[in-house]
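Descriptive analysis of the structure
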Amino acid sequence: MPLTSHRRLTAGAAATLVAALAAGLAPATTAFAAPAPAPAPASASAAPVVAEAPAPDVDGIVAALNSAMANGAPGAMARFTGPDGVESLTAGVRDRATGAPMDIHARFRIGSVSKTFSAVVLLQLVDEGRLELDQPVNRYLPGLLPDDRITVRHLLTHRSGLADYTNAMFADTVPGFEAVRNRVFTYQELVDLSLSEPRTTEPGVAYRYSNANFVVVGMLIEKLTGRPVERAYERRIFKPLKLRDTSYVHPDTRIKGLPVRGYLHPDAAGEPLVDSTEQTVSWAQSAGAVISSPADLNTFTSALMRGRLLSPETLEAMTTVTPTDTTGTRFYGLGLRRYDLSCGAQVYGHTGTVQGFYTYAFSTRDGRRSLSAVANTSNHGAANTALGGTLEAAFCGPKPAAVASARTASGAATADAAPLPAERDLPERH
């Protein structure tokens with residue numbers, strides 16, 4: 001039966017929660033924080049604030065979390081911030097072994113949302129005059145790439161043509177993961193894996209998502225700062241924004257503090273989930289090895305959109321996007337996705353996939369509203385697509401009664417309102 005959202009846990013509701021936990025599943029719950037502080041005045045270059053933005057559809061967010069669980073995720077959670085405060089919702093479990101319920105304060109691997117962190121650091125170096133977007137990568141990393149036409153901008157927009165080495169690495173999902181779970185790669189080894197495959201497009205011609213692009217971004221950051229990428233994240237983003245739950249711990253395998261455990265679906269149907277929580281994520285590094293929490297992701301995307309991390313000119317460049325598909329709703333800028341939702345809202349952020357975790361982290365262009373959502377599974381695209389439903393519910397508000405009543409018992413939408421399949425950040429078999 002579908003899970004429900006409780007605004008307050010009364011004694012009776014608490015008893016229901018205990019019973020649900022005994023069954024191995026926690027119902028979706030919601031908690032309210034104090035109203036968010038008033039935003040700083042927008043600069044002249046900022047996009048105008050859209051009047052009368054709809055309140056989030058809490059029931060719709062709960063339905064999306066339930067649907068992610070119905071499609072294979074042991075647990076899921078979402079956190080929405082807006083002018084009226086904070087909505088925090090959790091469902092299911094963060095640890096299948098202990099039955100511990102999903103916890104909105106827990107930390108998890110954010111996968112390719114890391115790319116936006118890496119892009120911000122590199123664009124700060126652009127602001128500082130230490131590199132130029134339209135200069136060849138080989139100007140800063142001599143001899144690294146076989147084509148001097150590949151520019152820094154091509155990396156950040158996934159238009160370099162560098163092959164994504166993860167397609168071969170994870171062609172067999174679980175064996176591929178186990179082969180690299182504890183391995184430590186150098187950046188050069190990852191670039192060599194990419195260069196051993198044919199390029200996917202001529203530089204600048206077409207969007208072709210590739211983790212190799214952001215491996216090279218990490219190399220640029222380390223070359224220009226003279227420090228490990230971890231230090232650049234800390235000094236330029238984590239500490240200024242007080243992101244206390246966010247870290248880059250490569251090659252340590254642990255998620256410190258209170259962790260969400262991740263569960264990887266094998267390729268063969270019916271095989272047991274694989275606990276993929278501990279790994280080096282060395283196969284991704286600056287393309288996907290950051291760990292964070294829902295609150296920190298809300299803070300990061302909101303701060304970015306409000307201009308706290310980049311100059312107005314560079315933020316404008318980052319949010320200038322081109323299509324990634326033919327739907328007219330999905331776009332990519334500089335290490336940043338834009339999704340155009342059914343109500344006309346445009347949200348900026350990134351999706352993330354790493355073994356055992358799906359993540360969404362998006363904000364409106366004015367930074368006044370933000371959503372982060374995670375489900376602790378992967379290699380099961382239906383769960384990823386379902387989790388993406390939190391965006392429509394959070395930013396577009398309640399659907400008309402006819403649409404809302406069409407949700408199935410599992411919390412999923414009917415075929416008439418089926419969401420687009422989630423964009424894939426890693427190869428998947430389901």
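That block above? That's the structure.
For the structure given in this document, a descriptive report is provided here. (Residues numbered from 1 in each chain as written. Predicted model: local features only at pLDDT ≥ 70, side-chain atom pairs only at ≥ 80, totals over all residues. Heavy atoms only, no water.)

Let's talk about the nonpolar core
In terms of nonpolar packing, the biggest core is built from 81 residues, with Phe117, Leu122, Leu156, Ile237, Trp283, Leu304 and Met318 touching the most fellow members. By residue number, the principal contributor to this core is helix H9 (residues 211–225), which donates nine residues. Grouped together as the second largest cluster of nonpolar side chains are 31 residues, Met69, Ala386, Leu387 and Ala422 included. (Core = buried A, V, L, I, M, F, W, Y, C linked by side-chain atoms within 4.5 Å. Buried < 20%, exposed > 50% of the residue type's maximum accessible area, 1.4 Å probe, protein only. Helix = DSSP H or I, 4+ residues; strand = E, 2+ residues; numbered from the N terminus.)

Details of the state of the cysteines
Taken as a whole, this structure holds one disulfide when the rule is applied. Between Cys343 and Cys396 runs a disulfide, and the two sulfur atoms are separated by 2.1 Å. Judged by the torsion about the S-S bond (-75°), the Cys343/Cys396 disulfide is left-handed. With Cys343 in the loop between strand S11 (337–340) and strand S12 (346–354) and Cys396 in helix H13 (residues 381–396), this pair connects stretches of sequence that are 53 residues apart. (Disulfide = S-S within 2.5 Å.)

As for the packing of aromatic side chains
In the structure shown here, the tally under the stated rule is nine aromatic pairs. On the numbers, 6.0 Å between centres and 70° between planes, the contact of Phe117 with Phe238 is edge-to-face. With Phe117 in helix H3 (residues 114–127) and Phe238 in helix H10 (residues 229–238), the pair connects residues that are 121 residues apart, well separated along the chain. Comparing Phe117 with Phe238, the two get one shared label, buried. Ring pairing ties together the aromatic residues Phe117, Tyr233, Phe238, Tyr248 and Phe300, which thus form one cluster. When the ring centre of Tyr263 is taken as origin, the NZ or CZ atom of Arg96, which lies over that ring, is 5.5 Å away. The ring of Tyr339 is capped by Arg330, whose NZ or CZ atom sits 5.6 Å from the centre of that ring. (Phe/Tyr/Trp six-rings, centres within 6.5 Å; stacked < 30°, edge-to-face > 60°. Lys NZ or Arg CZ within 6 Å of the ring centre and 35° of its normal.)

Some words on helix H11 (residues 294–305)
For H11, spanning 12 residues, the distance from its first C-alpha to its last is 17 Å, which sits close to the expected 16 Å at 1.5 Å a residue. Among the 12 residues that make up H11, 10 are buried, leaving the element largely enclosed by the rest of the structure. Within the sequence span of H11, burial applies to Pro294, Asp296, Leu297, Asn298, Phe300, Thr301, Ser302, Ala303, Leu304 and Met305. A positive backbone phi angle near 85° is found at Gly307, which sits one or two residues after H11. (Expected span 1.5 Å × (residues − 1).)

Concerning the pattern of salt bridges
Taken as a whole and judged by the stated rule, the model has 17 salt bridges. Across the pair Arg338 and Asp340 runs a salt bridge, and its minimum N-O distance is 2.8 Å. Using a relative accessible area of 18% as the deciding quantity, one classes Asp340 as buried. One network of salt bridges, with partners in common, ties together Asp147, Arg149, Arg199 and Glu202. (Salt bridge = Lys/Arg side-chain N within 4 Å of Asp/Glu carboxyl O.)

Section: unusual backbone geometry
Only a minority of non-glycine residues have a phi that is not negative, and only a minority of peptide bonds are not trans. In this structure, Pro251 follows His250 across a cis peptide bond, with omega equal to 5°. With respect to the secondary-structure elements, Pro251 resides in the loop between strand S5 (247–248) and strand S6 (263–264). You will see that Val281, though not glycine, has its phi angle at about 55°, which is positive. With respect to the helices and strands, the residue Val281 is situated in the loop between strand S7 (274–275) and strand S8 (290–292).

Observations regarding the environment of Gln285
Positionally, Gln285 belongs in the loop between S7 and S8. Residues Gln285 and Thr186 lie 99 residues apart in sequence; the distance between their C-alpha atoms is 9.3 Å. Residues contacting Gln285, with those up to four places away along its chain left out, are Phe185, Thr186, Tyr187, Leu190, Tyr248 and His250. (Contact = heavy atoms within 4.5 Å.)

So, the pairing of S11
Side chains Arg337 and Tyr339 of S11 all project onto a buried face; the interleaved residues Arg338 and Asp340 project onto the opposite face, where all are buried too. Note that strand S10 (residues 330–332) and S11 share three bridges and pair antiparallel. The residue of S11 that forms the bridge with Tyr332 is Arg337. What sits between S10 and S11 in their antiparallel hairpin is a turn of four residues, with Gly335 showing a positive phi close to 65°. Taking the residues between adjacent antiparallel strands as the criterion, S11 and S12 are bridged by five residues, where Gly344 takes a positive phi near 95°. (Pairing = 2+ DSSP bridges.)

Brief notes about the sheet that holds S6
Read across the sheet, three strands follow the order S7-S6-S15 without closing on themselves; strand pairing throughout is mixed. Strands with a single pairing partner mark the edges of an open sheet, and in this sheet they are S7 and strand S15 (377–378). Pairing geometry for S6 and S15, over two bridges, is parallel. By the bridge assignment, Leu264 is partnered in S15 with Ser378.

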